[in-house]
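A look at the structure
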2 protein chains.
Amino acid sequence: MAGVSTATVSRVLNEPERVSAKTRSRVEAAVAHFDYTPHFGGRALASNRTNTVGAVIPTMENAIFARGLQALQEALAEDGVTLVVATSNYDPEREAQQIRALLGRGVDGLVLIGEARDPALYETLERRGVPFVLVWSWRRDCPWPCVGFDNRAAARAMAQKVLDLGHRRIAMIAGVTHGNDRAVARVDGVRDALAARGLRLDETNLIETPYHLDAGENAARQLLSVTPRPTAIVCGNDVLAAGALLAIRSMGLSAPADVSVTGFDDIDLAYVLDPPLTTVHVPHRRMGAAAARLLLRLRAQEDNATSVVFETALVERGSLAPLGK
Amino acid sequence: MAGVSTATVSRVLNEPERVSAKTRSRVEAAVAHFDYTPHFGGRALASNRTNTVGAVIPTMENAIFARGLQALQEALAEDGVTLVVATSNYDPEREAQQIRALLGRGVDGLVLIGEARDPALYETLERRGVPFVLVWSWRRDCPWPCVGFDNRAAARAMAQKVLDLGHRRIAMIAGVTHGNDRAVARVDGVRDALAARGLRLDETNLIETPYHLDAGENAARQLLSVTPRPTAIVCGNDVLAAGALLAIRSMGLSAPADVSVTGFDDIDLAYVLDPPLTTVHVPHRRMGAAAARLLLRLRAQEDNATSVVFETALVERGSLAPLGK
DNA sequence: GTCGCCAATGCAAGCGCTTTTATTTTGATT
DNA sequence: AATCAAAATAAAAGCGCTTGCATTGGCGAC
């Protein structure tokens, strides 16, 4: 209809500046007239790019990932890149499957949560030359590009705060540590702080449990049923902490008068609870956006593509109080 | 390596039963050996299918969509279909863009939230022959396949309950109704119930606001600053209700003693609040799964592909109490 | 006016797969 | 052993696009 070859149409669509204004407008008119959309498969085949990046997250049901993804997606969209999301449900096996599935779909980049992962998987990624970014965790000397924060240091700071307020009988409800370096780091951080005061987390005051409300509730009930009971419960995330508050309430106790509780992540939930949660603020949205930028740089082979570490902040609200207050 | 043609490899991958066991195992060995994955673009081009469906949701930050998507994705994955998610941020314009973007990516199905949408968009969808399913809302005689529930009836039942408990000064914090039929239906439902008792929602006791915690808080503060103040606030969703509880607390009032509050959706949040929210339970996960099944049926041109309506249930918790109690 | 040069466009060769059609192999039957 | 049908496999033609290279045409310099 525009009287030009397909090559010119292709150029109008992909590199409009290489086509004269006159021809371009003719082609654009034809495109509009037929409501033409390029065939994705043809495009992908010929150019060997899909303009798609994949992300594998544990679950969408936790607000932190939802937020991070939202930001990631928005930042990618600015560069015309689509995000495909898969979930692993915190199962390393399933995560590997999902990564392979995404590779099979021709993603030209991947965003993965955390670092703990079968080396063979990293090998596959490198061999295929698919750029990837690890998010949510960060440690010095991590060999891969990552955008995250120091989970261990943040947890340590929180535990230190609890100790500073006079607490000595401290328990922890952690996430499942298998295949989850963030959960591991948070436990380690708490252990660090306790160890510095000659205390330790033994198995009666550390429970590992899935990141669910009722799991947190059950764990707290169990921790609080020993005598003497802990005066503070440090939780691996805000959802577990919310569960702990439920348990405390249902046992006829009160937070923070009888038991202090701390969370991790600072999702909206933390703010609406009563008492509001003292927790660790994590800049999820900013991390998502930073991950997008880093991935786009890696894809473009830019050399300023380096890992980014974010700071966390302790947010003091009502759920943590000095001992004996 | 397996000494066969590419045609046979293709068959091993797509219709293994059409290949003899001996050849198949040779091919599979070669596939495993080279860690071969078919090229997505080639596949899409030749077969004209992508095994991808798209979903456009308002936001991932609301747990209801996150949950629904999770279920949707899991159900689709069972049939080897990948889900691509885009967000519109409750903006009809942006939703249209995202739908077109997904079509451009060659999705072979779409999941859309609600029914309110430019007719031209529906036309495009039909013309392209891309099957789609509307979720989250449902009404009798909806001309398109949908999987949802009757928002209006559910809201009406909730308002009726509030009335039954003696409340007469009833206010509502609704979601933004522009381009959001669920928000509209929920307001209409409340109006229905009030009208049946000769009451109405005028502009001083109806505020429309984005589905955010602080928006809910501000709206509630405004509603409660008139004299005489409402004795019950019906909210368009649980997040708004959580915000309302924050406002009540910060104004030195108490729920439900001074003001009752109701929510909608029954997300986890509703349960952990203090007082826990009286709300409308919506089976988000089941809807997501049902949407997946319906879409797969439509795609396969099965004739038993019909809309599904779910029942909602009123969940009575502490935030709603009889007037004067 | 002629020549070069560059910008604009066309030509045509794939990209890696699926699928129809043709061919070969297999194995049962005579 | 010969025959034939059925099953298994190979051959080859695209699918719709991108892109390197060839061609064209317009314009300034001589």
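The following refers to the structure shown.

Quick look at the overall build of chain A now. Summing up its helical and strand segments, chain A has 12 helices and 12 strands in all. Projected onto its principal axes, the C-alpha coordinates of chain A cover approximately 85 × 40 × 30 Å. Counting the 325 residues in chain A, one finds 54% classified as buried. Here the contacts in chain A between residues at least 6 apart in sequence split such that 68% fall between residues at least 24 apart. Distance between charge centroids for chain A: 3 Å, based on 36 positive and 37 negative side chains.

Under the fitted operation, chain A is carried onto chain B by 0.0 Å of movement along the axis and a turn of 180 degrees, and the coordinates agree to an RMSD of 0.1 Å. With respect to symmetry, the two chain copies, as superposed, fit the operation of a two-fold axis. Rotation axis and chain A: the residue whose C-alpha lies nearest the axis is G41 of chain A, separated from it by 2.2 Å. Take the interface residues of chain A: 100% of them recur as interface residues in chain B, which is what a same-surface contact looks like.

A word on the packing of aromatic side chains. Residues and elements named next belong to chain A. Applying the stated criterion to the full structure yields 12 aromatic pairs over all chains. Joined through ring pairs, the aromatic side chains of Y122, F132 and W144 make up one cluster. The ring centre of F264 lies 3.8 Å from the NZ or CZ of R186, which sits over that ring.

Attention now goes to the pattern of salt bridges. Inspection of the entire model under this criterion finds 34 salt bridges over all chains. Residue E217 of chain A pairs with R221 of chain A through a salt bridge whose shortest N-O separation is 3.2 Å. Placement of the pair is E217 of chain A and R221 of chain A together in helix α9 (residues 213–223), with a separation of four residues, close to one helical turn. Given a relative accessible area of 11%, E217 of chain A falls into the buried group. Between R139 of chain B and E115 of chain B there is a salt bridge, with its nearest N and O atoms 2.6 Å apart.

Around DNA strand D, a shell composed of 24 residues is seen, among which S10 and Y36 of chain A together with S5, T8 and T23 of chain B lie nearest. Put simply, 63% of the atoms of DNA strand D that lie within 4 Å of the protein are in sugar or phosphate. Side-chain polar atom of N14 of chain A to a phosphate oxygen of DNA strand D: 2.8 Å apart, as the coordinates give it. Here R43 of chain A contributes a side-chain N or O atom positioned 3.2 Å from a phosphate oxygen of DNA strand D. The class makeup of the residues in the surface near DNA strand D is 10 nonpolar, 11 polar and three charged.

Residue and element names in this part refer to chain A. Burial along strand β3 (residues 110–113) is two-sided: L110 and L112 and V111 and I113, pointing in opposite directions, are all buried. With three bridges joining them, strand β1 (residues 52–57) and β3 adopt parallel strand pairing. Bridge assignment links G54 to a residue of β3, and that residue is L110. Here β3 pairs with strand β4 (residues 132–135) via four bridges, running parallel. Bridge pairing in β4 places L110 opposite F132. Taking the sense of rotation as the criterion, the β-α-β connection linking β3, helix α6 (residues 119–128) and β4 turns out right-handed.

Taken together, the contact between chain A and chain B spans 46 residues of the former and 46 residues of the latter. A combined buried area of about 4,100 Å² lies between chain A and chain B, and 51% of that area is made up of carbon and sulfur atoms. Summed over the shared surface of chain A and chain B, the result is six salt bridges. One salt bridge in this structure joins E61 of chain A and R285 of chain B, with 2.6 Å as the shortest N-O distance. Our count for the contact surface shared by chain A and chain B stands at 24 residue pairs in polar contact (both at pLDDT 80 or more). Contributing elements (two or more residues each) for the side of chain A that touches chain B: α3 (40–47), α4 (63–77), β2 (82–87), α5 (92–104), α6, α9, α10 (238–250) and α11 (268–272) of chain A. Per-element tally for the side of chain A that touches chain B: the top contributor is β2 of chain A, with six residues. A breakdown of the residues in the side of chain A that touches chain B according to their chemical character gives 18 nonpolar, 16 polar and 12 charged.

Moving on, we come to the protein's contact with DNA strand C. In the vicinity of DNA strand C lie 24 residues, with T8 and T23 of chain A together with S10, Y36 and H39 of chain B positioned nearest. Backbone atoms, meaning sugar plus phosphate, form 62% of the atoms of DNA strand C positioned within 4 Å of the protein. For DNA strand C, a phosphate oxygen lies 2.9 Å from a polar atom in the backbone of S5 of chain A. Residue G42 of chain B places a main-chain N or O atom 3.3 Å away from a base nitrogen belonging to DNA strand C. Elements with a minimum of two residues in the surface near DNA strand C: α1 (6–14) and α3 of chain A together with α1 (6–14) and α3 (40–47) of chain B. Here the surface near DNA strand C gets five residues from one element, more than from any other, and that element is α3 of chain B. The residue makeup of the surface near DNA strand C, split by class, is 10 nonpolar, 10 polar and four charged.

Parameters and conventions
- Residues numbered from 1 in each chain as written.
- Chains lettered and ligands numbered in written order.
- Predicted model: local features only at pLDDT ≥ 70, side-chain atom pairs only at ≥ 80, totals over all residues.
- Heavy atoms only, no water.
- Helix = DSSP H or I, 4+ residues; strand = E, 2+ residues; numbered from the N terminus.
- Buried < 20%, exposed > 50% of the residue type's maximum accessible area, 1.4 Å probe, protein only.
- Contact = heavy atoms within 4.5 Å.
- Lys, Arg positive; Asp, Glu negative; His and termini not counted.
- Charge placed at Lys NZ, Arg CZ, Asp CG, Glu CD.
- Least-squares fit on C-alpha atoms with pLDDT ≥ 70 in both.
- Phe/Tyr/Trp six-rings, centres within 6.5 Å; stacked < 30°, edge-to-face > 60°.
- Lys NZ or Arg CZ within 6 Å of the ring centre and 35° of its normal.
- Salt bridge = Lys/Arg side-chain N within 4 Å of Asp/Glu carboxyl O.
- Near = heavy atom within 4 Å.
- Polar contact = N/O pair within 3.5 Å; in protein donor to acceptor, adjacent residues only side chain to side chain.
- Nonpolar A, V, L, I, M, F, W, Y, C, P; charged D, E, K, R; others polar.
- Pairing = 2+ DSSP bridges.
- Right-handed = clockwise from strand over helix to strand, strands pointing away.
- Buried area = accessible area lost by both parts, 1.4 Å probe.

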